[in-house]
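# Descriptive analysis of the structure
Next come the chains, spelled out residue by residue.
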Amino acid sequence: MHFSDGFYALPESAKNAVSPTNPFLRLAKLLGYTLLRLVGNIFSGVKQTENLHGKVWLYVVSQNNIDSLSFIQNNLSDAAFVAGQSKDIGKYNKMVNRLSLRRKLLYYYKFFPLLLYFLQNRKKQAIRFYDVLYDAVGFYEVYLHQLQKYKPSCIVFANDHNADARAMLLAAKQLGIKTVYVQHASVSPIFPPLAFDLNLLEGQDALEKYKQCGPVPGKVELIGMPKADAFVPFRKPQRSVTTIGLACNLMDETAEITHLVTKLSQAFPELRIILRPHPRDSRNFKTDLHNNTTVEISDSRLVQTFDFLKELDVLISGNSGIHLEAVLLNVWAIFYNMNPSENLADYYGFIRNGLVDTAPDHPSLVKLIQENQQQTPEVYLRAQYYNATVGIPYDGKSGQLALQHLEQFLEL
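In this report, we go over the structure that sits alongside the text. These figures come from a predicted structure and were not determined experimentally.

## A word on the overall build of the chain
Looking only at helices and strands, the chain features 16 helices and 13 strands. In terms of principal-axis extent, the alpha carbons of the chain reach across some 60 × 50 × 40 Å. When burial is assessed residue by residue, the chain has 55% of its 412 residues classed as buried. In the chain, of all internal contacts separated by at least 6 residues, the share reaching a separation of at least 24 is 67%.

So, in structure tokens, the structure goes:
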């Protein structure tokens, strides 16, 4: 995905989340990866609390992946979470079985031939993302060896585009191991084609976007969002606005975020305002907000997304999948661009498909909230195109539906 024309055309802030814009920082990242990961893995231990032989592997690359696949581990006795040796899984780091990546260093003689190939075929991307290519080297070979050793019965993924996840998928296909994909977040037409045997997607939107990515040879089932099941009972009725939430990510500009928070604090001094940065966002907003005591900060590395959303009456965010999760709880969601210098427009199609309302500037946003302050609109049915179980008997039972399809697949 990161070497596609679509990804290269994204604003620099989006690309910076994957590879530093500054060429010196990019080189520093590469050197740091070499010392801390490639060499560091040789001297660090590999923790495995479970016997991984013949099990159903739940391969994860992030904290969000764990949240998305927990329903399988909780209901399937032979399922085990698995991740690369040094992968950061947030608060779940200690509960994941690790696969040794010590042998990865042996394959770095392939980097320069690979770089030459990409320079000949994808020159712009190769120059901009050579650190991403460097990171990817060796995953396939190491994972092929690990799969031959442990022979899992099936591998379930919640990520389909990171280099390590893609390498695990290709190694599994090489060995004829069954593969399953559980969608864990909103998707984009620039993702790689689906190449799994069973694809458990949230709704029609995801299927239509994946069809734009390429052929879908595997079986597809639309199962909703299992990680939202436990929170459907907390779906709120229409109500007055007492709490406003802002969710930001690395594509959003610091100055615009702090300016927006200040404007909302001034316009609604009686309301509670909670700012939630993305888990990978390390900016110190308390300092940036000059210790504004009226604004709370939600730590996304400790507080689950839905626990944050339960607190809200209205959510304000830019290009983020959190809009969909908010609407599923009947939390009114407003799209507001917090990166005016690089307008990413309607990246997920949430505005186009009527999932969210939108405001072009601060005065319009304040006016929109004031007009609905006494009674927020009912919005959860807007999510039906994105979530196949909304409004039907399986609403809040997506995990149950997904397990039925998974168990049938494993019996084949």
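Back to the write-up after that little detour.
## Thoughts on unusual backbone geometry
Within the chain, lysine 151 stands out as a residue other than glycine whose phi angle is a positive 50 degrees. With respect to the helices and strands, the residue lysine 151 is situated in the loop between helix H8 (139-150) and strand E4 (154-157). Located in the positive-phi region is asparagine 330, a residue other than glycine, with phi close to 65 degrees. By the element assignment, asparagine 330 lies in the loop between helix H14 (322-328) and strand E12 (332-335).

## Description of helix H9 (residues 163-174)
With 12 residues, H9 should reach 16 Å at 1.5 Å per residue; the first-to-last C-alpha distance of 16 Å fits that figure. Packing partners of the buried residues in H9 comprise strand E1 (56-59), strand E3 (97-99), H8, E4 and strand E5 (178-182). Looking one or two residues past H9, glycine 176 carries a phi angle of roughly 75 degrees, positive in sign.

## Regarding the sheet that holds E12
The six strands lie next to each other as E10-E9-E8-E11-E12-E13, forming an open sheet whose pairing is parallel. Each of the sheet's edge strands pairs with one partner strand only, and the pair in question is strand E10 (295-297) and strand E13 (357-358). Strand direction decides the pairing type here: strand E8 (residues 243-248) and strand E9 (residues 272-277), joined by six bridges, are parallel. In the sheet register, alanine 247 faces E9, and the bridge partner there is arginine 276. Along the sheet, helix H11 (residues 254-267) contacts E8, E9, E10 and strand E11 (314-317); its crossing angle with E8, the most-contacted strand, is approximately 175 degrees. Helix H15 (residues 362-371) contacts E8, E11, E12 and E13 of the sheet and is inclined by roughly 165 degrees relative to E12.

## With respect to the packing of helix H4 (residues 63-75) against helix H16 (residues 398-411)
At their nearest, the axes of H4 and H16 sit 10 Å apart, and the two run at 65 degrees to each other. Read as a crossing pair, H4 and H16 show a hand that is right-handed. For the pair H4 and H16, the contacting residues are Phe71, Ile72 and Asn75 in the first and Gly399, Ala402, Leu403 and Leu406 in the second. A class-by-class count of the residues in the contact of H4 with H16 yields five nonpolar, two polar and no charged.

## Some remarks on the pairing of E4
In E4, alternate side chains face the same way, and those of Cys154 and Val156 on one face and Ile155 and Phe157 on the other are all buried. Pairing between E1 and E4: four bridges, direction parallel. The partner of leucine 58 across the bridge, within E4, is valine 156. In this sheet, E5 lies alongside E4 in parallel orientation, the contact comprising four bridges.

Rules used in this analysis
- Residues numbered from 1 in each chain as written.
- Predicted model: local features only at pLDDT ≥ 70, side-chain atom pairs only at ≥ 80, totals over all residues.
- Heavy atoms only, no water.
- Helix = DSSP H or I, 4+ residues; strand = E, 2+ residues; numbered from the N terminus.
- Buried < 20%, exposed > 50% of the residue type's maximum accessible area, 1.4 Å probe, protein only.
- Contact = heavy atoms within 4.5 Å.
- Expected span 1.5 Å × (residues − 1).
- Pairing = 2+ DSSP bridges.
- Axes fitted to C-alpha atoms, helices over the stretch in contact; angles between N-to-C directions.
- Left-handed = near helix turned anticlockwise from the far one by under 90°.
- Nonpolar A, V, L, I, M, F, W, Y, C, P; charged D, E, K, R; others polar.

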